[in-house]
Amino acid sequence: MRNIIAFPLLLLAVILQSSVVSEIRLLSGYADLPFLLIAAWALQERVESAWHWGAIACLVVGFVTSLPWPVLTAGYLSVIFMARILQRRVWQAPLLAMFSVVFLGTLFFHLLSFVTLSVLGTPFNFSDVLGLITLPSLLLNMLFSIPIYTLMRDLSYWVYPSEEFE
Amino acid sequence: MNSRSLQTTIIFLVIGGILALAFGGFFGSASRQFNSVLVEVQTWISTRFLGFQDFVTAPRDIVSLRQRNAELEAQVSQLQAQVIELQQRVNETDILAALVDFSRSNPESTYKAASVIGRDPSPFLHYIIINRGSNDDIRRGMPVVTNQGLVGRIDAVIADAARVQLITDPASSINVYLQNADTSATLFGSVTGDVSLDMISQNVVVESGDLILTSGLGGGFPADLIIGQVVTVRTLEFELFQQATVQPAVDFSRLEIVLVITNFRPVDISPLEPVSTPSP
């Protein structure tokens, strides 16, 4: 039942993303709070509801953004997939896993957005996108990933108490 | 009066007289020495008394001072919050006053004011979210302006909010008119938020500072909405058209309140566009 916290938390994350985080720009890029939340959540060992959280994130973000739904769905679910694989293999160094997921996930998500929007007719210059959006966003995502990982780890202890987990 | 009280009275008068003369300086050095001893004694007693008084009352004063300090600090923070709130209200009032002036000077359109409450979560897109929706008769395609000029158009609407595609969005293209050069062109947004002009005929002379307005062609926007000014022009002989960079009239990084033109309905000209038919 405690998993219901996903709804208010992701709603709050999208509100913060839309009103605050999107104003904290580095060149033309900014961090992606819902992306970081679900990546950090999927990396927690005891978490079993990562895919559900991903679906809710797609739903909530898709409601606000103008990005096509398939981009969001493929982007967020791929991040969860990556996180679950890395969580099993790099379980002794969770922060390293978080950095890896954020790094690969951001690049993949931006590549997906770039390709899809270009196919749909939006003219993009690849070097502009890389230098002004992707790399600054990547740096900001990496910076935000440490506090968000800590927050989500504590939340996972609350949602999945140790007795229940064992 | 008996002899005893008379004696007492005389003694008092004599001593009083001596003291008066001494204070008056009539006894010379003896008087000064007496005065200085008196002052020293007075000083010593006063100092000790004040020290004792401090010792007795200081703890109570510190407590009351701390309380008073806390009260004053709370009052200061309250007043600071009030100052910030009032500054925000003044800013809002200034913006609203400018928007009212704008709507009065353009009475042909009907406006609905809306606050900007967010931006698109994706850095690839330049959209804003406003706090007016279909409940306020906002419809898709309506132009959005400020007193400075064109902001964009409504892209999606829900009951109490709407999403606006800015003219800086990379997917945005608008037919415009260059007032001084008396020619048409197309305005494009970009991923960096800069806007540029393309499709300017090679036969016209475009100069820096030329005013750019919406042309109304295509039916997407009403005519004569201010967009900005030409900054630089790029003319290459081997290209079909000239290009120019544009300084938008609106500061898109500080959008707070916008006006939606509610009496404009965009015209969908897609059925009239020629369709290529396969040759037999």
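Everything numeric here is computed off the predicted structure, so don't read it as measured data.

**Here we look at the packing of helix H2 (residues 33–42) of chain A against helix H5 (residues 94–119) of chain A**
Residue and element names in this part refer to chain A.
Line of reasoning, step 1. Remark: H2 packs on H5, axes separated minimally by 10 Å, with the N-to-C direction vectors making an angle of 135°. In terms of their interaxial angle, H2 and H5 are classed as oblique. By crossing handedness, the relation of H2 to H5 is classed as right-handed. Side by side, H2 and H5 meet where Phe35, Leu36, Ala39 and Ala40 of the first sit next to Met98, Val101, Val102, Gly105 and Phe109 of the second.
Line of reasoning, step 2. Taken together, the residues of the contact of H2 with H5 break down into eight nonpolar, one polar and no charged.

**Focus on the domain arrangement of chain B**
For interface size, the figure often reported is the accessible area lost on association.
Line of reasoning, step 1. Under the domain assignment used here, chain B contains domain 1 (8–57) and domain 2 (173–254).
Line of reasoning, step 2. Averaged C-alpha coordinates put domain 1 of chain B and domain 2 of chain B at centres separated by 95 Å.

**A closer look at the environment of leucine 59 of chain A**
Residue and element names in this part refer to chain A.
Line of reasoning, step 1. Here leucine 59 lies in helix H3 (residues 50–64).
Line of reasoning, step 2. With 15 C-beta atoms counted inside 10 Å, the residue leucine 59 sits in the partly exposed group.
Line of reasoning, step 3. Each C-alpha atom, one on leucine 59 and one on threonine 150, is 25 Å from the other, the two residues being 91 residues apart in sequence.

**A closer look at the sheet that holds strand E12 (residues 257–261) of chain B**
Residue and element names in this part refer to chain B.
Line of reasoning, step 1. Strand order around the closed barrel formed by six strands is E1-E2-E5-E4-E3-E12, with antiparallel pairing between neighbours. Averaged over neighbouring strand pairs, the angle between their axes works out to 45° when direction is ignored.
Line of reasoning, step 2. Pairing analysis gives three bridges linking strand E1 (residues 111–119) to strand E2 (residues 127–130), with the strands arranged antiparallel. By the bridge assignment, glycine 118 is partnered in E2 with isoleucine 129.

**Considering H2 of chain A**
Residue and element names in this part refer to chain A.
Line of reasoning, step 1. Within H2, ten of the ten residues are buried, which leaves the element mostly enclosed by the surrounding structure.
Line of reasoning, step 2. Here H2 has its buried residues at Leu33, Pro34, Phe35, Leu36, Leu37, Ile38, Ala39, Ala40, Trp41 and Ala42.
Line of reasoning, step 3. For H2, the secondary structure elements touched by its buried residues are helix H1 (6–19), H3, helix H4 (69–89), H5 and helix H6 (126–159).

**Describing unusual backbone geometry**
All names here are of chain B.
Line of reasoning, step 1. Not every positive phi belongs to a glycine, and aspartate 182 is a case in point at roughly 55°.
Line of reasoning, step 2. Of note, aspartate 182 is situated in the loop between strand E6 (173–178) and strand E7 (183–188).
Line of reasoning, step 3. Residue class for aspartate 182 comes out exposed when judged on the 9 C-beta atoms lying within 10 Å of it.
Line of reasoning, step 4. Positioned with a positive phi, methionine 199 is a non-glycine residue whose angle comes to about 65°.
Line of reasoning, step 5. Here methionine 199 shows up in strand E8 (residues 195–201).
Line of reasoning, step 6. You can call methionine 199 partly exposed: it has 17 C-beta atoms within 10 Å.

**Quick look at the pairing of E6 of chain B**
Residues and elements named next belong to chain B.
Line of reasoning, step 1. Residue alternation in E6 divides its side chains into a buried set, Ile174, Val176 and Leu178, and an unburied set, Ser173, Asn175 and Tyr177.
Line of reasoning, step 2. With six bridges joining them, E6 and E7 adopt antiparallel strand pairing. Considered in E7, the bridge of tyrosine 177 is made with serine 184.
Line of reasoning, step 3. Two elements, E6 and strand E9 (residues 211–214), share three bridges in a ladder whose sense is antiparallel. The partner of valine 176 across the bridge, within E9, is threonine 214.

**Quick word on the pairing of strand E11 (residues 241–248) of chain B**
All names here are of chain B.
Line of reasoning, step 1. Here E11 shows a buried face lined by Gln242, Ala244, Val246 and Pro248 and an unburied face lined by Phe241, Gln243, Thr245 and Gln247.
Line of reasoning, step 2. Bridging between E8 and E11 involves five bridges; their strand directions are antiparallel. Opposite valine 195, over in E11, you have valine 246 as the bridge partner.
Line of reasoning, step 3. Relative to E11, strand E10 (residues 226–234) runs antiparallel, the two sharing six bridges. What sits directly across from arginine 234, in E11, is glutamine 243.
Line of reasoning, step 4. Connecting the antiparallel pair E10 and E11 is a turn made up of six residues.

**Description of the nonpolar core**
Line of reasoning, step 1. Of all hydrophobic cores here, the largest spans 95 residues; its most connected members are Ile38 and Ala39 of chain A together with Leu187 of chain B.
Line of reasoning, step 2. Setting aside its immediate chain neighbours within four residues, leucine 187 of chain B contacts Ile167, Ser173, Ile174, Val176, Val195, Leu197, Ile212, Ile227 and Val246 of chain B.

**Quick notes on the interface of chain B and chain A**
Line of reasoning, step 1. In this complex, chain B contributes 18 residues to the contact, which on the side of chain A involves 25 residues.
Line of reasoning, step 2. Top element by residues in the side of chain B that touches chain A is E1 of chain B. It accounts for three residues.
Line of reasoning, step 3. Grouping the amino acids of the side of chain B that touches chain A by side-chain chemistry returns ten nonpolar, four polar and four charged.

**Observations regarding H4 of chain A**
Residues and elements named next belong to chain A.
Line of reasoning, step 1. For H4, which comprises 21 residues, the first-to-last C-alpha distance of 30 Å matches the rise-based estimate of 30 Å (1.5 Å per residue) to within 8%.
Line of reasoning, step 2. All buried positions along H4 are accounted for by Val71, Leu72, Gly75, Tyr76, Val79, Ile80, Met82, Ala83 and Leu86. Buried positions in H4, seen along its axis, are confined to an arc of 165° and lie on one side of it. Along H4, exposed side chains directed more than 90 degrees from the buried face belong to Trp69, Pro70, Arg88 and Arg89.
Line of reasoning, step 3. Among the structural elements, H2, H3 and H5 are those in contact with the buried residues of H4.

Quick notes on the rules
- Residues numbered from 1 in each chain as written.
- Chains lettered and ligands numbered in written order.
- Predicted model: local features only at pLDDT ≥ 70, side-chain atom pairs only at ≥ 80, totals over all residues.
- Axes fitted to C-alpha atoms, helices over the stretch in contact; angles between N-to-C directions.
- Helix = DSSP H or I, 4+ residues; strand = E, 2+ residues; numbered from the N terminus.
- Parallel < 35°, antiparallel > 145°, perpendicular 65-115°, else oblique.
- Left-handed = near helix turned anticlockwise from the far one by under 90°.
- Contact = placed C-beta atoms within 7 Å.
- Nonpolar A, V, L, I, M, F, W, Y, C, P; charged D, E, K, R; others polar.
- Domains from an automatic or database assignment.
- Buried ≥ 20, exposed ≤ 12 C-beta atoms within 10 Å, placed from the backbone.
- Pairing = 2+ DSSP bridges.
- Core = buried A, V, L, I, M, F, W, Y, C linked by C-beta atoms within 7 Å.
- Expected span 1.5 Å × (residues − 1).
- Arc of directions from axis to C-beta.

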